[in-house]
Amino acid sequence: MLFQQLSFVRMRTLAAIDATSEEMADVQPEGFPNTIRWNLGHIYTAQENLLHRFIGEAPSLPAHYLEMFNANTNPNMWEATPPSLQELREHLAEQTERINQTFQGRLHEKGEKPFQLGGDITFTTLAEIMNFSIWHEGLHQGAITSLKRVQGQEQLFATTNK
């Protein structure tokens, strides 16, 4: 069920990319800490880090993605040229299948150390981390939707995938 949910949520993220222009991706309205492009890169980067590092494996990330898209970063800090929407889309599309292949049958595995969230919540298995990462992606989809709406964009999701 988690892999099915992961695929569904990612399909919606890809549809959001398909309905986003390069210009729209970099608008940072007042009161917003980041942009659409940052949220998309953060979804990819956070999911790689959460799942792979939890079980002691190296994440599959371009070198500059941590500097650009990790928690507590924003576009004002960027020194490298950000990836295009097409590059982000390719990474995000590939990631879901790779996660499926890498972690199928392993959801019961315990992490190298428990993942603490806010002091009260502890995740100990890969399934728990995956469930959290799916929620996290949905949270950032909401941010992307808000960023589009504040720009007056009515087409939030593409009706067909590229």
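Residues numbered from 1 in each chain as written. Predicted model: local features only at pLDDT ≥ 70, side-chain atom pairs only at ≥ 80, totals over all residues. Heavy atoms only, no water.

- The name given to the protein in an unreviewed UniProt entry is DinB family protein, with the source organism recorded as Pontibacillus yanchengensis.

### Some words on the overall build of the protein
Here is step 1 of the chain: Helices and strands together make up the secondary structure of the protein, namely 6 helices and 2 strands.
Here is step 2 of the chain: In sequence order, the secondary structure elements of the protein are arranged as α-α-α-α-α-β-β-α.
Here is step 3 of the chain: Considering only contacts in the protein between residues 6 or more positions apart, those separated by 24 or more positions represent 71%.
Here is step 4 of the chain: Within the structure as shown, the protein displays about 8,400 Å² of accessible surface, and the carbon and sulfur contribution to it stands at 52%.
Here is step 5 of the chain: Between the mean site of the 12 positive side-chain charges and the mean site of the 19 negative ones, the protein shows a separation of 4 Å. (Helix = DSSP H or I, 4+ residues; strand = E, 2+ residues; numbered from the N terminus. Contact = heavy atoms within 4.5 Å. Areas by Shrake-Rupley, 256 points an atom, 1.4 Å probe, with all protein chains shown as cover. Lys, Arg positive; Asp, Glu negative; His and termini not counted. Charge placed at Lys NZ, Arg CZ, Asp CG, Glu CD.)

### What about the pairing of strand β2 (residues 121-125)?
Here is step 1 of the chain: In this sheet, β2 lies alongside strand β1 (residues 110-117) in antiparallel orientation, the contact comprising 4 bridges. Counted as the bridge partner of Gln-116 is Thr-122 from β2.
Here is step 2 of the chain: Between β1 and β2, which follow one another and run antiparallel, lie 3 residues, and Gly-118 among them has a positive phi close to 65°. (Pairing = 2+ DSSP bridges.)

### With respect to the environment of Phe-132
Here is step 1 of the chain: By the element assignment, Phe-132 lies in helix α6 (residues 126-150).
Here is step 2 of the chain: Each C-alpha atom, one on Phe-132 and one on Gln-153, is 29 Å from the other, the two residues being 21 residues apart in sequence.
Here is step 3 of the chain: If sequence neighbours within four positions are ignored, Phe-132 has contacts with Leu-50, Phe-115, Leu-117 and Phe-123.

### Re the packing of aromatic side chains
Here is step 1 of the chain: For the structure on display, the rule yields 7 aromatic pairs.
Here is step 2 of the chain: With centroids separated by 5.6 Å and ring planes inclined at 75°, the aromatic side chains of Phe-69 and Trp-78 adopt a geometry described as edge-to-face. Of the two residues examined, Phe-69 and Trp-78, each falls in the buried class.
Here is step 3 of the chain: Here the aromatic rings of Phe-115 and Phe-123 are separated by 6.1 Å at their centres, their planes lie at 5°, and the arrangement is stacked. (Phe/Tyr/Trp six-rings, centres within 6.5 Å; stacked < 30°, edge-to-face > 60°. Buried < 20%, exposed > 50% of the residue type's maximum accessible area, 1.4 Å probe, protein only.)

### Things to note about the packing of helix α1 (residues 2-18) against α6
Here is step 1 of the chain: The contact between α1 and α6 brings their axes to 10 Å, and the two run at 20°. Taken together, α1 and α6 sit at an angle that is classed as roughly parallel. The way α1 lies across α6 gives a crossing that is left-handed. Touching Leu-2, Phe-3, Gln-5, Leu-6, Val-9, Arg-10, Arg-12, Thr-13 and Ala-16 of α1 are Ala-127, Met-130, Asn-131, Ile-134, Glu-137, Gly-138, Gln-141, Ile-144 and Lys-148, all from α6.
Here is step 2 of the chain: Split into classes, the residues belonging to the contact of α1 with α6 amount to 9 nonpolar, 5 polar and 4 charged. (Axes fitted to C-alpha atoms, helices over the stretch in contact; angles between N-to-C directions. Parallel < 35°, antiparallel > 145°, perpendicular 65-115°, else oblique. Left-handed = near helix turned anticlockwise from the far one by under 90°. Nonpolar A, V, L, I, M, F, W, Y, C, P; charged D, E, K, R; others polar.)

### Notes on the nonpolar core
Here is step 1 of the chain: The biggest cluster of nonpolar side chains holds 19 residues, and the ones touching the most others in it are Ile-17, Ile-36, Leu-40, Phe-69, Leu-92 and Ile-144.
Here is step 2 of the chain: Elements with a contribution of two residues or more to this core: α1, α2 (22-25), α3 (36-54), α4 (65-69), α5 (85-103) and α6.
Here is step 3 of the chain: With 5 residues, the single largest contributor to this core is α3.
Here is step 4 of the chain: Every residue in contact with Ile-17, bar those within four places of it in the chain, is listed here: Leu-40, Leu-85, Arg-89 and Leu-92. (Core = buried A, V, L, I, M, F, W, Y, C linked by side-chain atoms within 4.5 Å.)

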